Amino acid sequence: MTTKFTQDHEYIAVDGASGTVGITAYAQDQLGDIVFIELPAVGKVLRKGDEAAVVESVKAASEIYAPVSGTVTEVNAALSGEPGLVNQDPAGAGWMFRMSIADAGELDTLMDETAYQDHIK
């Protein structure tokens, strides 16, 4: 499994032709305690850069953008009752949605782990 990152601090963990999307540990740290998450509808078609979800924290509300184009196949229903999972484990239990990847070539425009770490320094 390969993980790629956007400049807006979303990640996509790629597994074949699908990916799991969430926000990075850096992003959740910047937001503070997350109190509400609005997830996309299953079946929603997203283009790269489209607003996919909204995260509200004690500090601010922030849009989550689709890292690549595709269709939402699953959402993390646990977040509706426990949005703090994103603070506790953003790359694990705090994932937000899964999507099919329409154009694998778009992954090449995203950063790998090393480039992302340089980006947040």
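These numbers come from a predicted model, not from an experiment. (Residues numbered from 1 in each chain as written. Predicted model: local features only at pLDDT ≥ 70, side-chain atom pairs only at ≥ 80, totals over all residues. Heavy atoms only, no water.)

Engineer: Explain the side chain of Thr-6 to me, please; I cannot follow it from the model alone.
Structural biologist: When you line up the elements, Thr-6 lands in the loop between strand 1 (2-5) and strand 2 (10-15). Reaching out from Thr-6, the side chain makes a polar contact with the backbone nitrogen of Asp-8 at a distance of 3.2 Å. Side chain to side chain, Thr-6 and Glu-10 meet in a polar contact 2.4 Å long. Not counting chain neighbours up to four residues away, the residues in contact with Thr-6 comprise Pro-67, Leu-110, Met-111 and Tyr-116. (Helix = DSSP H or I, 4+ residues; strand = E, 2+ residues; numbered from the N terminus. Polar contact = N/O pair within 3.5 Å; in protein donor to acceptor, adjacent residues only side chain to side chain. Contact = heavy atoms within 4.5 Å.)

Engineer: What is the right way to read the nonpolar core from this model?
Structural biologist: The nonpolar side chains of soluble globular proteins are, as a tendency, buried together. Grouped together as the largest cluster of nonpolar side chains are 25 residues, with contacts concentrated most on Ile-12, Ile-23, Met-96 and Phe-97. Among the elements of the structure, strand 2, strand 3 (18-23), helix 1 (25-31), strand 4 (34-38), strand 6 (51-57), helix 3 (85-88) and strand 9 (97-101) are those that each provide at least two residues to this core. When residues no more than four places from it in sequence are discounted, the contact partners of Phe-97 are Gly-19, Thr-20, Val-21, Pro-40, Leu-46, Ala-52, Val-72, Glu-74 and Val-75. Membership of the second largest hydrophobic core comes to five residues, among which are Tyr-11, Trp-95, Met-111 and Tyr-116. (Core = buried A, V, L, I, M, F, W, Y, C linked by side-chain atoms within 4.5 Å. Buried < 20%, exposed > 50% of the residue type's maximum accessible area, 1.4 Å probe, protein only.)

Engineer: Quick question: what am I supposed to make of a negative patch on the surface here?
Structural biologist: Taken together, Glu-38, Glu-51, Glu-56 and Glu-63 make up a surface patch of like negative charges. Secondary-structure assignment places Glu-38 in strand 4. (Patch = residues over 30% accessible without salt bridge, like charges linked within 9 Å, V, L, I, M, F, W, Y side chains within 5 Å. Areas by Shrake-Rupley, 256 points an atom, 1.4 Å probe, with all protein chains shown as cover. Salt bridge = Lys/Arg side-chain N within 4 Å of Asp/Glu carboxyl O. Lys, Arg positive; Asp, Glu negative; His and termini not counted. Charge placed at Lys NZ, Arg CZ, Asp CG, Glu CD.)

No statement about biological role is implied by the geometric values presented.
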